[in-house]
Amino acid sequence: MQSKIIAVDFDGTLCENKWPDIGEPNTELIIYLKNQQNLGAKLILWTCRAEDRLERAVAWCIEQGLIFDGVNENLPEIIELFGSDTRKIYADEYIDDKMFGFFDLPYKSSTNFLRKQFHFDVEHSPGIMRRLSRSQKLEDKTK
Ligand SMILES: [Mg+2]
């Protein structure tokens, strides 16, 4: 059975966004990822950082105890599965500070699940609540 693959962003996700510097660690997320890795998940660092800035980010992650199975690259088993190294990094979970998974997909059951999850998250995150407010204003303008 294939392991769950988690792709995680760096700036604003694993750490506070202080790009090009490195902000305070997101300890809760780092613990989540370590626990997932202990349960068999594979981790990919999925970031726009490159060259020296990427090297510093990877070194910082190692200091936090995060060892990645890939850095901005697909895992070998995924390359084999697809028959090529796709440009999109394949994962089962994507964790990114830019994510805001609230699309009107035709798959209602998935959407309903997302809505339920979203409402749970909103109740527990003032940051998400602010984003919802902005998003709702945009949605109202397009009607
Ligand atoms: Mg980010």
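Because the structure is predicted, anything quoted here is derived from the model rather than measured. Residue positions are counted from 1 within each chain, in the order its sequence is given. Under the rules for a predicted model, residues below a pLDDT of 70 receive no local features and side-chain atom pairs below 80 are neither given nor counted, while totals for whole chains, interfaces and linings still include all residues.

Draft legend 1. Highlighting the nonpolar core. Nonpolar cores are identified as sets of buried Ala, Val, Leu, Ile, Met, Phe, Trp, Tyr and Cys residues joined via C-beta atoms within 7 Å. Working definition of burial: number of other C-beta atoms within 10 Å of the residue's own, with buried at 20 or more, exposed at 12 or fewer, and partly exposed in between, all C-beta atoms being placed from the backbone. Counting residues in hydrophobic clusters, the biggest one holds 17 residues, and the most contacted among them are Ile6, Ala7, Val8, Leu43, Ile44 and Leu45. Looking at this core, the elements that each hand over two or more residues are β1 (5-8), β2 (42-45) and α2 (51-63). Of the residues forming this core, the biggest block, four residues, is contributed by β1. Starting at the N terminus, helices and strands are each numbered in turn, a helix being any DSSP run of H or I of at least four residues and a strand any DSSP run of E of at least two.

Draft legend 2. How the structure looks around helix α1 (residues 27-38). Each residue after the first adds 1.5 Å to the expected span of a helix. In a regular helix each residue adds 1.5 Å, so twelve residues correspond to 16 Å; α1 covers 16 Å between its end C-alpha atoms and thus fits that length. In the segment just after α1, Gly40 is the residue with positive phi, at about 110°.

Draft legend 3. Broad picture of the pairing of β2. Neither face of β2 is exposed, since Lys42 and Ile44 on one face and Leu43 and Leu45 on the opposite face are all buried. Note that β1 and β2 share four bridges and pair parallel. Opposite Ile6, over in β2, you have Leu43 as the bridge partner. Crossover handedness is defined here as right-handed if the route from the first strand over the helix to the second strand goes clockwise, with the strands pointing away from the viewer. Crossover β1 to β2 through α1 is right-handed. Note on pairing: DSSP must find at least two bridges between two strands before they are called paired. Sheet topology places β2 next to strand β3 (residues 70-71); two bridges connect them, and they run parallel. Looking at the pairing, Ile44 lines up with Gly70 of β3. Regarding the hand of the β-α-β motif, the stretch spanning β2, α2 and β3 is right-handed.

So yeah, pure geometry; function would need other evidence.
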